[in-house]
Amino acid sequence: MTAIRLLIDMDEVLCDFLGELCRQYNHLHGTDIAPADINQYDLRDFIGEEGRCIFLRAGFFDCLEPFPHAIEVIHKLIADKHDVIIATNALGHPDVAADKCRWLQRHLPELYPENVIIASRKELIQADLIFDDSPAVLNSFPGIRVIMDRPYNRKVQGYRIFNNSWPDFYSLVCRLSNR
């Protein structure tokens, strides 16, 4: 088996950012926006600046739920001796960075802080594979691109993971590492 350095995004890959954002936004504004309705990465057309304030508020990222099997698969990847790095963007806000670090400390303490990178320029991080949802990040990454399928990233080329299927991601990594 060949160990792979895996660069894994947090929001909309490891945890349910859009589900919580839509829930809070709908509650505050009496709307009915669902994550499946969001077909572009820039959220402003869907939630405006007032919606952006929701996820920039201290505590928002700290309360996100992990996607099913995400934590379990991360543990299996670590046990398989892959180099797992969580790379996430803090959007230039200290509260967001602090929330994300608390989340990672709680859910993946074995990775925090050594294998956590807060960065907006993920293509600068040396890794074999990236698992992300952002079209811009995926398009700029020079290695293997694994895409958490979302309506807003359907035109990006790479391995596509549907229905938040972390077991499918694990199977793909096993195939790529000849395991």
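Here the structure is shown first, and the text comes after it.
Note that the structure is predicted; figures quoted are calculated from it, not measured.

Visitor: How should the nonpolar core be read in this particular structure?
Guide: Of all hydrophobic cores here, the largest spans 50 residues; its most connected members are Ile8, Leu14, Ile86, Phe131, Trp166 and Phe169. If you tally residues by element for this core, the top one is helix α6 (residues 166–176), at 6 residues. Excluding residues that lie within four positions of it along the chain, Phe131 makes contacts with Leu7, Ile8, Asp9, Val13, Val146, Ile147, Met148, Ile161, Trp166 and Phe169. Leu7, Ile130, Leu138 and Val156 belong to the second largest nonpolar core, which has 12 residues in total.

Visitor: Got a minute to help me understand helix α4 (residues 94–107) in this structure?
Guide: Side chains three or four residues apart in an α-helix point the same way, a direct result of the helix having 3.6 residues per turn. Between its first and last C-alpha atoms α4 spans 20 Å; for 14 residues at 1.5 Å apiece the expected length is 20 Å, and the two agree. When we look at burial in α4, the residues that qualify are Val96, Ala97, Asp99, Lys100, Cys101, Trp103 and Leu104. The inward-facing, buried residues of α4 contact α2 (44–56), α3 (70–79), β2 (83–88) and β3 (116–118).

Visitor: Sorry if this is basic, but what is going on with the sheet that holds strand β6 (residues 159–161) here?
Guide: Strand pairing in a sheet takes place through backbone hydrogen bonds and is either antiparallel or parallel in direction. Reading across the sheet, the 6 strands line up as β3-β2-β1-β4-β5-β6 and stay open at both edges, with parallel pairing between neighbours. The strands lining the two open edges of the sheet, one partner per strand, are β3 and β6. Taking each pair of neighbouring strands and ignoring which way they run, the sheet shows an average axis angle of 20°. Sheet analysis places strand β5 (residues 144–148) next to β6, joined by 3 bridges and oriented parallel. The residue bridging Ile147 from the neighbouring strand is Arg160, located in β6. Here α3 sits on the sheet in contact with β1 (5–8) and β2, set at roughly 140° to β2.

About the thresholds
- Residues numbered from 1 in each chain as written.
- Predicted model: local features only at pLDDT ≥ 70, side-chain atom pairs only at ≥ 80, totals over all residues.
- Heavy atoms only, no water.
- Core = buried A, V, L, I, M, F, W, Y, C linked by side-chain atoms within 4.5 Å.
- Buried < 20%, exposed > 50% of the residue type's maximum accessible area, 1.4 Å probe, protein only.
- Helix = DSSP H or I, 4+ residues; strand = E, 2+ residues; numbered from the N terminus.
- Contact = heavy atoms within 4.5 Å.
- Expected span 1.5 Å × (residues − 1).
- Pairing = 2+ DSSP bridges.
- Axes fitted to C-alpha atoms, helices over the stretch in contact; angles between N-to-C directions.

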